[in-house]
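# Summary of the model geometry
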Amino acid sequence: MTLQLAAYAASAEHTRGRVHPEPAPGLRDEYQRDRDRVVHCSAFRRLEYKTQVFVNHEGDMFRTRLTHSIEVSQIGRTIARALSLNEDLTEAICLAHDLGHTPFGHAGQDALNECMREYGGFEHNLQSLRVVDVLEEKYADFPGLNLTFETREGILKHCSRSNARQLGELGERFLNNTRPGLEAQIANVADEIAYNNHDIDDGLRSGLLTVDGLMTCALFAEHYRAVDKLHPDLPAKRKRAELIRRMINTLVGDLVDTSRAAIEEAGVGSIADVRAADRVLISLGEDMQAQSREMKTYLRENMYQDYRVRRMSHKAQRIITHLFRLFMEDPKLLPLDMQSRLDDGGERARIVADYIAGMTDRYAILEYEKLTDPARHTI
Ligand code: MG
């Protein structure tokens, strides 16, 4: 079934194109090709062994960056389809949005950013763009994945003015305060809906969060009571799943209704109108925004700050900082392909950061052990 796209949806025939011009794809359109390139790239596969909150070896039940990205894309596609927007582009952006994440979640990002302070800093969002633009080595004719402008625009969620100046056309909207396309806006909110809900799910499963504690969040409490009333004897595990399903459904429903109304009210009739609009048009309603914020704050204060998470964050910081220092002091310790980038005149700190950011949790731990444990014989 071919779905009719709205006049303000991105259309593959009218893409602003790729940095390196390529022949049109045969069986797919341009955004489907972008999505496929993301799925086939090596940074995407490594997301399986990178974590959000939990470290990969803590248990097989928890979300990883890979399952997170798939959940974001599923939520994003539902929203795109409901609003007659471009589902393929939305999917491509959602699947690519976390490609630049360091090992060990936010602890890793903060540690690497600190290490890179004198060298332009490290920002995972910018790094995702770097992965698809430069770091992937998959094609004979160009570096990176050579994705379309619209997918790259969606990946770049935020950006400082100084970085934006170096990004040409892609950085323009951060300098002249215009909006990205609606598909990019969807990916942004779908990310938030996904992580709030799966962190609650994983938090309850791991015991870092409790139902009693979460009852202080209005959205959680409302749905918990509803599920409890309808299914008082349901085992806790199924109750939790039913509750999460309902919360996601409520948030997505609210988002679609609110965004549809906002699009209509703004009177947009084209992508140019979307870009020129004075605000983003894809958003939750005010009430739901407040409830989502409340959950986010609760999670930050009660889960991400839990001593068990902090212990792991502390270790992560130590591993990343130590690896960075070692490679900066002696770049000859780097693998040969990284050294060859140095020989080509690359900046040492950025190459080291690229190498560390690309590591999975377990690879970073292993690399640290190999380089610091005198009793370890493997190199
Ligand atoms: Mg994300």
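A brief look at the structure comes next. This structure is a prediction, so every number in the text was calculated from the model and none was measured.

## A few points about the nonpolar core
Judged by nonpolar contacts, the single largest core of 53 residues is most densely connected at Leu85, Ile200 and Phe220. The element best represented in this core is helix α10 (residues 182–206), accounting for ten residues. Among residues more than four places away in sequence, those in contact with isoleucine 200 are Leu209, Leu214, Phe220, Ile244, Met247, Met295 and Leu299. Listed in part, the 28 residues of the second largest apolar core include Ala111, Phe122, Met312 and Met328.

## Concerning the environment of arginine 240
Looking at the element boundaries, arginine 240 is found in helix α13 (residues 236–266). Sequence-wise, arginine 240 and valine 211 are 29 residues apart; in three dimensions their C-alpha atoms are separated by 9.3 Å.

## Digging into the coordination of the magnesium ion
Note on metal geometry: ideal angles are 109.5 degrees for four donors arranged tetrahedrally and 90 or 180 degrees for six donors arranged octahedrally. With distances of 2.2 to 2.6 Å, the protein atoms coordinating the magnesium ion are His68 (NE2), His97 (NE2), Asp98 (OD) and Asp191 (OD). Among the residues examined, aspartate 98 registers a relative accessible area of 3% and is labelled buried.

## Here we look at the packing of aromatic side chains
Taken as a whole and assessed by the stated rule, the structure comprises five aromatic pairs. On the numbers, 5.8 Å between centres and 15 degrees between planes, the contact of phenylalanine 220 with tyrosine 224 is stacked. With phenylalanine 220 and tyrosine 224 both in helix α12 (residues 218–230), this residue pair falls four residues apart, about one helical turn. Across the pair, tyrosine 224 and phenylalanine 220 agree in class, each one buried. Grouped by ring-pair contacts, the aromatic residues Phe327, Tyr355 and Tyr363 constitute a single cluster. Here the basic side chain of arginine 37 rests over the ring of tyrosine 139, its NZ or CZ set 4.7 Å away from the ring centre. Its end group placed over the ring of tyrosine 49, arginine 362 keeps NZ or CZ at 3.7 Å from the ring centre.

## Overview of the state of the cysteines
Here, disulfide denotes a covalent bond that connects the sulfur atoms of two cysteines. Scanning the entire structure with this criterion turns up zero disulfides. Take cysteine 41: it sits in no disulfide, and the sulfur closest to it among the cysteines is that of cysteine 94, at 15 Å. The closest cysteine sulfur to the non-disulfide-bonded cysteine 159 is located on cysteine 94, 20 Å from its own sulfur. For cysteine 159, a relative accessible area of 17% translates into the label buried.

## Quick notes on the environment of arginine 341
Along the polypeptide, arginine 341 turns up in helix α17 (residues 336–343). For arginine 341 and isoleucine 351, which are ten residues apart along the polypeptide, the C-alpha to C-alpha distance reads 7.4 Å. Setting aside anything within four residues of it in sequence, one finds arginine 341 in contact with Arg130, Leu135, Gly346, Ile351 and Asp354.

## Focus: the side chain of arginine 35
Position of arginine 35 among the secondary structure elements: in helix α1 (residues 30–40). The exposure class assigned to arginine 35 is buried, which follows from its relative accessible area of 18%. The residues contacting arginine 35, other than those within four sequence positions of it, are Asp88, Glu91, Ala92 and Leu95.

How each quantity is defined
- Residues numbered from 1 in each chain as written.
- Predicted model: local features only at pLDDT ≥ 70, side-chain atom pairs only at ≥ 80, totals over all residues.
- Heavy atoms only, no water.
- Core = buried A, V, L, I, M, F, W, Y, C linked by side-chain atoms within 4.5 Å.
- Buried < 20%, exposed > 50% of the residue type's maximum accessible area, 1.4 Å probe, protein only.
- Helix = DSSP H or I, 4+ residues; strand = E, 2+ residues; numbered from the N terminus.
- Contact = heavy atoms within 4.5 Å.
- Donors = N, O, S within 2.8 Å, 3.2 Å for Na, K, Ca; no water.
- Phe/Tyr/Trp six-rings, centres within 6.5 Å; stacked < 30°, edge-to-face > 60°.
- Lys NZ or Arg CZ within 6 Å of the ring centre and 35° of its normal.
- Disulfide = S-S within 2.5 Å.

All quantities given are derived from atomic positions and should not be read as evidence of function.
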